[in-house]
Amino acid sequence: MSDARKVTAYCGLCCLDCIPNNHRLLELVKELAGVLDEVGFEEYAAHKSRREPIFNGYPAFRKVLDAIPRIECSGSCYEGPVSELGCARDCSIRRCAIGHDFAGCWECDEVDNCDLMRSCKGFHPGLESNLRMIREHGIENWLDKRGIHYWWDSHDKTDNL
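If you're wondering where the values come from, they're calculated on a predicted model, not measured in any experiment.

Draft legend 1. Structural view of the environment of cysteine 14. You can see cysteine 14 is positioned in the loop between helix 1 (3–6) and helix 2 (23–38). Given a relative accessible area of 1%, cysteine 14 falls into the buried group. For cysteine 14 and histidine 149, which are 135 residues apart along the polypeptide, the C-alpha to C-alpha distance reads 7.9 Å. When residues no more than four places from it in sequence are discounted, the contact partners of cysteine 14 are Val7, Trp142, Leu143, Arg146 and His149.

Draft legend 2. Seen up close, the nonpolar core. Counting 22 residues, the largest nonpolar core has Cys11 and Met117 as its most contacted members. With 4 residues, helix 7 (residues 127–137) is the largest single contributor of residues to this core. In this structure cysteine 11 touches Ile93, Cys105, Met117, Cys120, Leu127 and Leu131, once residues within four positions along its chain are discounted. Val29, Leu36, Tyr58 and Leu65 belong to the second largest nonpolar core, which has 6 residues in total.

Draft legend 3. The environment of alanine 46, seen in detail. Relative to the assigned elements, alanine 46 resides in helix 3 (residues 41–48). Residue class for alanine 46 comes out partly exposed when judged on its relative accessible area of 45%.

Draft legend 4. How the structure looks around the packing of aromatic side chains. The tally for this structure, following the rule as stated, stands at 9 aromatic pairs. Ring geometry for phenylalanine 41 and phenylalanine 55: centres 6.4 Å apart, planes at 45°, overall tilted. Taken together, the residues span a long stretch of sequence, with phenylalanine 41 in helix 3 and phenylalanine 55 in the loop between helix 3 and helix 4 (58–67) at a distance of 14 residues. The partly exposed category is assigned to phenylalanine 41, whose relative accessible area is 22%. Measuring from ring centre to ring centre gives 4.5 Å for tyrosine 150 and tryptophan 152, while their planes differ by 5°; the resulting arrangement is stacked. Residue tryptophan 152 is classed as partly exposed on the basis of its relative accessible area of 46%. Following the ring pairs from residue to residue traces out a cluster consisting of Phe41, Tyr44, Phe55, Tyr58 and Phe61. Taking the ring centre of tyrosine 10 as reference, the NZ or CZ of arginine 5 above it sits at 5.6 Å.

Cut-offs applied
- Residues numbered from 1 in each chain as written.
- Predicted model: local features only at pLDDT ≥ 70, side-chain atom pairs only at ≥ 80, totals over all residues.
- Heavy atoms only, no water.
- Helix = DSSP H or I, 4+ residues; strand = E, 2+ residues; numbered from the N terminus.
- Buried < 20%, exposed > 50% of the residue type's maximum accessible area, 1.4 Å probe, protein only.
- Contact = heavy atoms within 4.5 Å.
- Core = buried A, V, L, I, M, F, W, Y, C linked by side-chain atoms within 4.5 Å.
- Phe/Tyr/Trp six-rings, centres within 6.5 Å; stacked < 30°, edge-to-face > 60°.
- Lys NZ or Arg CZ within 6 Å of the ring centre and 35° of its normal.

Right, here's the structure in full:
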C-alpha cells in the first residue's frame, strides 16, 4: 500500500493535516503535563488564585490538557479507527465507503449530496476540493493539491509531506 493511500481517509481528508496526527504537538502536551506535575503546579495555582483569580481555572485547564493526548491517532482512517477521542471510532462515512466497496467517497456519484458528509464538509472546507483532486489526479498524485483542512487553517500543505 502506498503512503498516499495510507494517509488518505475514506472521506478525502489527509491524515497528515489532522490535529490528532500532530505527534509533535501531542508529545509536547504530555511533556507539559509531566513538568506541571513535577513542579507541583496544582498547589501553586491554588495559592496563586488568592491574588490572581484566573488560576482558579487550573483544574479545568488540566482536564483539557489530560484529554488532549487521547485524540492521538497512531495510524490512519484507511487502516482503521485508532484513537480514543480523535476521529470517530465508528465513523459512518468510513462504514458507508467500505460497505459500497469504494476506495473512498470520491468514487461515489452521490457524494455531493451526501448527508453523512454534510457535517464533515462544514468543519473541513477543503473536503470538496480534495475529492475533486483525487478524482482528477488519482490517489497517488493529489496530496500536494489538497485544500485547507480546518476552517481556521490557511497554512501551506506541502510542508507536511
